Each structure stands twice: as C-alpha cells, then as structure tokens.
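Coordinate inspection notes
Single-letter residue listing:
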Amino acid sequence: MRKLFVILLLLIIAGGITLSLKEIPFGIPKTKIGDHFINKGVEETGSVNIVTSVVVGYRGFDTLGEITVLFAATIGLGAVIGTFRKNSVNREVEAASLIVYTGCRFLFPVILLVGTYIFIHGHLTPGGGFQGGAIIASAFLLMYLGCSNKRIKENLSKTVEMIGGLTFIAVGIIGLAIGQDFLFNFLPKGEPAELLSAGIIPIVYIAIGLKVGSELAGIIDNLIQKS
Amino acid sequence: MTFLSEYIYYIGAFGLIFIGLYIVLVKKNLIKVIIGLSIIDTGINLFLITIGYIRDGTAPVFSKPGLKANEMVDPVPQALVLTAIVIGVAILALAISLAVKLYKHHGTLNLRKINEQKW
Amino acid sequence: MVNPVLLIVIPLGLAFVVPFFGFISKKIEKFIPFVALFFNLIVSLRLFPRVLEQPVHVSIGGFVPPFGINLVAGPIGILFTVLIALVGFLVSIYAFDYIKEKDQEKYHILYLLLLTGATGVVLTGDIFNLFVFFEILCISSYSLVAYFGDKTSIESAVKYLIQGALGSCLILMGIGLLYGQFGTLNMADLAGNIKSVHSVSIFVPLVLFITGFGVEAAIFPLNAWLPDAHSSAPSSISAVLSGIAIEVGLYAMIRVVFTLFGASSILTFLMLLGVITLLIGELCAFCQENIKRMLAYSSIGQIGLMLFALSIASSYGITGGLFQLVSHTLGKSLLFLAAGYMIYRSGSMNISSFEGMGKRMPYTALAFTIGAFSIVGLPPFIGFPGKLMIVKAALFEQEMLYTVLIFFILLATVIEGAYYFRVVQALYFKEEKNTQNQKREIAPLSILIPIFILTGFIVVIGIYPKLITDVLVSSASELLNRADYIKSVMP
C-alpha cells in the first residue's frame, strides 16, 4: 500500500519535471552569467581556471558559507557522538603487518604533498581547496587504518582549522577596508597562468584547503575513536 | 531515438533522484535511508552538471594557449556542484553519527520500531 | 558607513575562534555568542534608520549583480536581523547558567552558527546563497536538537534530519531547474525574467521551493518533525528554533513566492494550507500533557496563522502577518525560556508537575502567564494588535471565503485560550501535591534578566503598537512591490 502510494507520488513529480525539462534542452550554448565568466573571468580575477574564479572570486561568499556548513557538521558530529565514551569500549586492534605499516608511513607524506599541490595550484589547474583538503584527509584515514597507534593531536587540528577559517575572514575584511567590498581582490592580479597570480585566490584556497583537511580529518577521528 | 540521445543524461540523473526518493520513502532501515539521501544528492549533482554541458565542450580552464572560450562548458554549475557536494558530505556525516547513537540507544535501526514519540 | 555584511561575517569569525578561547579558559567560551550577538544588535540598530529611507545593497567581492553575490538589507531583512539578534542575545544570556552539560564549547559554536545562518538567509539576494545559509541553519539545528544525546533527542534529530535533508534536496532541484531556464541565480534578475507562473516549467520549481521551505517552516503536511524536535532540544534552543528558525523558513518561502515568482495565483492555496495548519496545530496542542510539546504544537498553529495573513497579500494583511510574527517570536521565546526553567526545577515536563509553581517561583510563573496571554491574544499584550489586524485585513477583502476562514481562526483562538488557561490554572490555582519542597526559589539573574526583558517588550509594544507598525508597513510594501525590488538591484 505504502509502496503503491509512493510510486504514484513519484510518477506525478516525474511528470511535472519532464514538462519542466522541455525548456532546458541538452547541450545548448552557455547561459548569460556563464558566458560572462568565461569571457571576462581571466581578466577580472586573474585565475585561468574559471571554475576557481567562480568559486572563490564571483561566488566567494557561497564558499565561505560552504566551509561553515562543513564546520557545523564537524562540530555537530562531535557533539552528537562524543559523549562519555572515553574508555568504555577497549577494542582489541590487531596491529597491521609490517608491509602495510611501512607502506602507510611511506605514502602518508606523499599524499600530503599531493593534497598541498592541488590546493596551491587551484587557480591554475583543475583542483582547489576542497579537493586538496579531501586528499589530505584521506592521508589521515590511511594512517588510522594502517598505523593504529598513531593519533591526530586534537588541539593541533583545531588550531589549523581555526587559522584556515580566520584567514578567509581576515582576507575578506581587509578587502572590505581597502576596496569597500567584502572579499575584494586587493592584491595585484599578476600574469595569468603564473603561480603567483590571481591576487587573493591562492591565499583563500590555501586557507580552505587547511580548514577542509583538518575538518574532514576531525570527522574521521571522531568516527573512529568515539563510536 | 533522437529523444533518447537528447534526454539520456536527464533520464539518468532523474532516475537516480527517483530511486533515492523511493528508498527514503519506503525503506525501514536507517542506513538504507541515508544511502537513499546520498543517491538523491548524486542525482542532483549530475543534473546540475548536465545543465551546464555543451556538446564537445572542454573544461573551463585556460591551461594552454589556443583554447577557445566558446568551446568551454558553463562553469557556474560546476561551482554549484562543488558546494552541493560539500553540503551533502556534511549531512551524510551528521546522519551517520546520529545513526550510530540511535543504534546504541535502541539496539535497532528499524525506523518503524523506533516510535517513542507520537502525536 | 556600516556594511550589512559584517552582520554575517563577524559572528562567523567569532564562531571559528571559540576553540581558541577554549584553550585560554573554558569559562570565556560562553560569552562569545553574547558578544557576537550584542555586536549584531548594535550594527543592525544603526543600520535601521538608513534602511527605512532606502534599502542598502552590498555586492560581495566587487562584482555587480547578477555576476556576483549581493546582499539586500531592505526593511524586512533588517526587521528579521534585529529580531534574530535581540532574541539570540537574550537567549545567550539565559544559556550562561542553563547549559551545564558536557561540551559547552560545541553548544556555543553551533548556537552562533544557527543564528548566523538565519541572518544570512534574510539578508542575501541570491537564491543559491540563500540555500547555503539555509543549510547552515538546518545543520546546526539538527545537531543542537541532538545535543542532550539521550534516547528521545536522538530519535527526534533523526526524524528532523531526514525530513530536512529531503527538503533541501527539493530546493536544490528547484534551483537547478531555474538556472537551466534563465541562466542566472540572482533573485532580482530571475524575478525580472519570470513572466507568469502559469507555465508548467516555472510552476514546478515553485512547487519544489514551497515544499522544501515548507519543511523548515512546518506547514501542515510537512510538520511531523517539529513537536519532537522542539520538545526534546534544550529549552534555550527550543526558544530559538520556535522563535527564529521556523520564521526564517516562512520568510524564505514568502520571499520566493512574492518576490521571485510573483505568484498571486497560488495564494489561495497557501491561505487554505495556513488555516489547516492552524487548526491541526491548535487541536493537537489541546491534547498534550507535555508542556514543551504543547508549546511546539502551538508554534505550528501560529505559523499557520502567519501564513494565512501573509497570503492575503494586501498591505494590511502582510503588516498583520508580520506583526503576528514579531509577537510570536517574542512570546514563544519567553514561554520556552520560562517553561524551561520551571522544568529544570521540577524535573518533569508534565503540566501537572507545574501545580503550585505560582507560589514557588513567582517571577517565572508571572512571565509565563504574560507570555501565554500574549500568544492567545489578550489585550494589553503584543499578541492582541496582531490578531486584530489579521481579522480586520481578512474582513476588508469582503469575500465569503475569508469570512469562513476567519470563523475558523477565531475558533482556533478559543482552543488556544483553553489550553493556555489550563496551564495558568495549574500554576496558580492548584495546590502542590507533595508539600516537601514548598519554599520559594528565586531564579538566578541570568535566567531572570532575559525573561524580564522579553516581558517588557511584550507589554510595551502591546500598549504602543505604533512603535513597530512603521517598519512593518514598509516591509509589507517591499514584499508587494516586486518591480521596485528588481529595479533597485538591477538598475
């Protein structure tokens, strides 16, 4: 009965959406703001990766909201899961074999390096703060899986996260003070396709990368340690 | 056949969305519901990307000289998807942690059996 | 020159640095929301006179709309900002002594993020940005509902999360459909391009938006999460959820319906939905024995009343609806705060355990009574002018439908009166059964001050409604004059 009802409901929604989709043919040329971003993006923000110039430049405020969403989820996860569970279950974990252990320790810095590369070059190549941050967090996940005796220092990760968040906001406020607009690109834009170009975009992306990396690592840490 | 080739991406994206909606509305197990929410998210992200696509388009990165602006896909949906993915991850993490806690309290993940609070 | 973006950014920055203050001393943490919201209150009050003359537009990053994101601080935005900052500020004082459990740091961060998200939703002029801030609001409220971590709160948080996440997905789908058709995300730009809502391709996103925001605003078929979530959260959070979060959901919905779509044809439907929500909420509240569930159901009813008044869509009706919104925000926060402290003392949420509280805790009980009378709509409290305006606005329309609906609204008010008086009767006119702890207990100052300030607002605005009607009238005209809004953002 329930299934039938649900299927009926979904069919109605599907019908409506099909009618609505007629207005959005597939593969059409770009839209108004998309065109503007592609044609003027390099000139206005100095970043050759247009997606980055949209994410950090034109829609930078969304990005601030986005890292806040992740921050809220991390804190919320800690609040939900981390209650009075310090040493209730003492799980016996079998140590990983030597090969896995050594492999993890070998790969850990390499993955960190790749993650850092990706968020530092966010304005030049596909990639950026979120992607780099996720890669960094995956390095910590690997460490948890392979080297079960290693732990993230909680205060250190909190500090890194805080520095990332504060840098973003500080950059925005300096822009407000200099150029009358929050997140105004007050640094020289430089030569496009150089590493030191695009003004504040690399700084913001490094901040995001640090913040996202430590947040995701914090989520992993909470889920593994306290549940 | 032209209909299919025109709309196959939309059908795929919305197919995922409806599968997800069906799972969320019908399944009893909380983990399955969370998987359903995740599938809906994926479907919506695919849908957003599909909106921005143009035929034979390349990624909107001027990584080497000679790339033409009018052959690039719309960058805005890609930026939106980046945001949407992060939001999806946030909700997923929170949902998982709640599921862990729920299991500790009730000993089951069957949502029909957990009904302490009623009208 | 004060920039409205500071209203969002400074609390956000302070939320990020709460752990840093935690390193110095755990005792400082609880003052951070206090400081941040005090700042917000000052800034929004300083913006107030300027906004009333002319809406303030700010673009982010130096890009003009529709290419960048813009903030629009119109009368309605600033009205909400002041309300959020005021209630948030008072509740943050209340939390000094009320929140003693485990991770206080996380409570304060999430509380600040919730209010920042709400401020962002009411100020932004970009539909996707609105979605992002809406998610901040939702995610922090999911976690705060689960804050106690006991059986009931986790269960209600799961319910809230599943329904809320579904709602967010629908909103995102609606945004995708709109972007595909119009190629822009700025609300004014979208509004300028949407001709009518009769076309199916625009109607579908509208329905998706109404459903999505309706979940957070707890409109009738989508309100199953609310009584659980509001009753099992900490009382300070219940006050904020009932007083701010659902109103922000309603704001988003109204903004989309009025400004973005200009959808006049759907208003009758919304009106009926509002009256049904009102009746269902009040009837369920009548049957409750648990005081917080009763208050939560009463919130559903009040949201229904606001939705009804707002969808009359005359200047007078919207003014009445917004007045009701202000009175509900103040009154319901007061009720939850007062009830929360009485629950804390008596240890039970059952109404019968409140018997004799009028003698034991005279100030709190008095404040609760005033809040209850105000919500019911007795003069001289703030609820009375609001309800009067709604009834008058509906009667001005001179249509049969409105008269019938007004009858139902008055009926709902009678039900509302019945169950609130039951509590007041328990407070004052029933003797306490166990006589062992009959001594008077005065609440600590941090609990009494916010309660007194809210009571003061309720009485003063109730006697001089003129204090806020000017703002409300200009807010109503902002909602009704789409063309002005579009022109002011996109010259």
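Above this text you will find the structure in question.
Residues numbered from 1 in each chain as written. Chains lettered and ligands numbered in written order. Predicted model: local features only at pLDDT ≥ 70, side-chain atom pairs only at ≥ 80, totals over all residues. Heavy atoms only, no water.

1. What to know about the layout of surface pockets
- Counted as a void, the largest pocket has a volume near 1,800 Å³.
- Taken together, 49 residues form the lining of the largest pocket, with Leu9 of chain A, Leu25 of chain B together with Leu166, Pro221 and Leu222 of chain C sitting closest to its centre.
- A per-element tally of the lining of the largest pocket places helix α1 (residues 2-21) of chain A first, with nine residues.
- The residue inventory of the lining of the largest pocket, partitioned by class, reads 35 nonpolar, six polar and eight charged. (1 Å grid on protein atoms, 1.4 Å probe; cavity = no way out; pocket = protein on both sides within 12 Å on 5 of 7 lines; lining within 4 Å. Points joined across faces, edges and corners; volume = space filled by probe spheres on them. Helix = DSSP H or I, 4+ residues; strand = E, 2+ residues; numbered from the N terminus. Nonpolar A, V, L, I, M, F, W, Y, C, P; charged D, E, K, R; others polar.)

2. Quick look at empty space enclosed by the protein
- Counted under the stated rule, the structure contains seven cavities of 30 Å³ or more.
- Approximately 280 Å³ is the volume attributed to the largest cavity.
- Forming the boundary of the largest cavity are 21 residues, of which Thr74, Glu154, Lys158, Glu161 and Asn222 of chain A lie nearest the centre.
- Elements represented by at least two residues in the lining of the largest cavity include exactly α4 (60-81), α7 (154-179) and α8 (201-226) of chain A together with α1 (6-24) and α4 (104-123) of chain C.
- Taken together, the residues of the lining of the largest cavity sort by class into seven nonpolar, six polar and eight charged.

3. Notes on helix α13 (residues 315-346) of chain C
All names here are of chain C.
- Taking 1.5 Å as the rise per residue, α13 with 32 residues should run 46 Å; its terminal C-alpha atoms sit 46 Å apart, in good agreement.
- Here α13 lies mainly inside the structure; 27 of its 32 residues are buried.
- Just beyond α13, the residue with positive phi is Gly347, at close to 75°. (Expected span 1.5 Å × (residues − 1). Buried < 20%, exposed > 50% of the residue type's maximum accessible area, 1.4 Å probe, protein only.)

4. Brief notes about unusual backbone geometry
Residue and element names in this part refer to chain C.
- For the bond from Pro65 to Pro66, the omega torsion is 10°, close enough to zero to count as cis.
- Position of Pro66 relative to the elements: it lies in the loop between β1 (56-59) and β2 (70-73).
- Geometrically, the link from Pro379 to Pro380 is a cis peptide bond, its omega value of 5° lying close to zero.
- As for its placement among the helices and strands, Pro380 is situated in the loop between α15 (362-376) and α16 (383-396).
- A positive phi is found at Ala218, a non-glycine position, where the angle reads about 60°.

5. Some remarks on the nonpolar core
- Among the nonpolar cores identified, the biggest contains 299 residues, and Phe61 of chain A together with Phe209, Leu250 and Phe261 of chain C are the most heavily contacted of them.
- Not counting residues within four places of it along the chain, the set of residues in contact with Phe61 of chain A comprises Phe182 and Leu183 of chain A together with Val5, Ile8, Val9, Ile60, Ile69, Leu71, Asn129 and Phe133 of chain C.
- With 16 residues, the next largest nonpolar core counts Leu278, Ala393, Leu405 and Ile409 of chain C among its residues. (Core = buried A, V, L, I, M, F, W, Y, C linked by side-chain atoms within 4.5 Å. Contact = heavy atoms within 4.5 Å.)

6. Topic: the packing of aromatic side chains
- All chains considered together, the criterion is met by 34 aromatic pairs over all chains.
- Aromatic side chains Phe209 of chain C and Phe213 of chain C sit 6.1 Å apart centroid to centroid with 10° between the ring planes, which places their arrangement in the stacked category. With Phe209 of chain C and Phe213 of chain C both in helix α8 (residues 200-217) and four residues apart, the pair spans about one turn of that helix.
- With a centroid separation of 6.4 Å and 55° between ring planes, the pair formed by Tyr428 of chain C and Phe429 of chain C is classed as tilted.
- A relative accessible area of 31% means that Tyr428 of chain C is categorised as partly exposed.
- What links up through ring pairs into an aromatic cluster is the set Phe31, Phe34, Phe38, Phe89 and Phe96 of chain C.
- Here the guanidinium or amino end of Lys211 of chain A rests over the ring plane of Phe16 of chain C, the centre of that ring lying 4.0 Å away. (Phe/Tyr/Trp six-rings, centres within 6.5 Å; stacked < 30°, edge-to-face > 60°. Lys NZ or Arg CZ within 6 Å of the ring centre and 35° of its normal.)

7. Quick look at the interface of chain B and chain C
- Each side of the interface is counted separately: chain B has 36 residues, and chain C has 38 residues.
- Summing both partners gives a buried area of about 3,200 Å² for chain B against chain C, and 79% of it is carried by carbon and sulfur.
- Connecting chain B to chain C are zero salt bridges.
- In this assembly, chain B and chain C are joined by two residue pairs in polar contact (both at pLDDT 80 or more).
- Every element with two or more residues in the side of chain B that touches chain C is listed here: α1 (2-26), α2 (30-52) and α3 (75-106) of chain B.
- When residues in the side of chain B that touches chain C are grouped by element, the largest group, 15 residues, is from α3 of chain B.
- In terms of residue class, the side of chain B that touches chain C is made up of 26 nonpolar, five polar and five charged. (Buried area = accessible area lost by both parts, 1.4 Å probe. Salt bridge = Lys/Arg side-chain N within 4 Å of Asp/Glu carboxyl O. Polar contact = N/O pair within 3.5 Å; in protein donor to acceptor, adjacent residues only side chain to side chain.)

8. Considerations on helix α10 (residues 235-261) of chain C
All names here are of chain C.
- With 27 residues, α10 should reach 39 Å at 1.5 Å per residue; the first-to-last C-alpha distance of 37 Å fits that figure.
- A maximum bend of about 40° is found in α10 at Leu241.
- Buried residues dominate α10, accounting for 27 of its 27 residues.
- Looking at the residues trailing α10, positive phi occurs at Gly262, about 55°. (Bend = angle between axes of the 7 residues up to and from the residue.)

9. Focus: the interface of chain A and chain C
- On the chain C side, the residues contacting the 51 residues of chain A number 55 residues.
- With both sides pooled, the region where chain A packs onto chain C buries about 4,600 Å², and carbon together with sulfur makes up 76% of that total.
- At the junction of chain A with chain C, the criterion picks out two salt bridges.
- In this structure, the connection of chain A to chain C is made through four residue pairs in polar contact (both at pLDDT 80 or more).
- When residues of the side of chain A that touches chain C are traced back to their parent elements, those giving at least two are α1, α2 (32-45), α3 (50-58), α4 and α7 of chain A.
- Among the residues making up the side of chain A that touches chain C, the classes are represented as 25 nonpolar, 17 polar and nine charged.

By themselves, these observations are geometric and do not establish any function.
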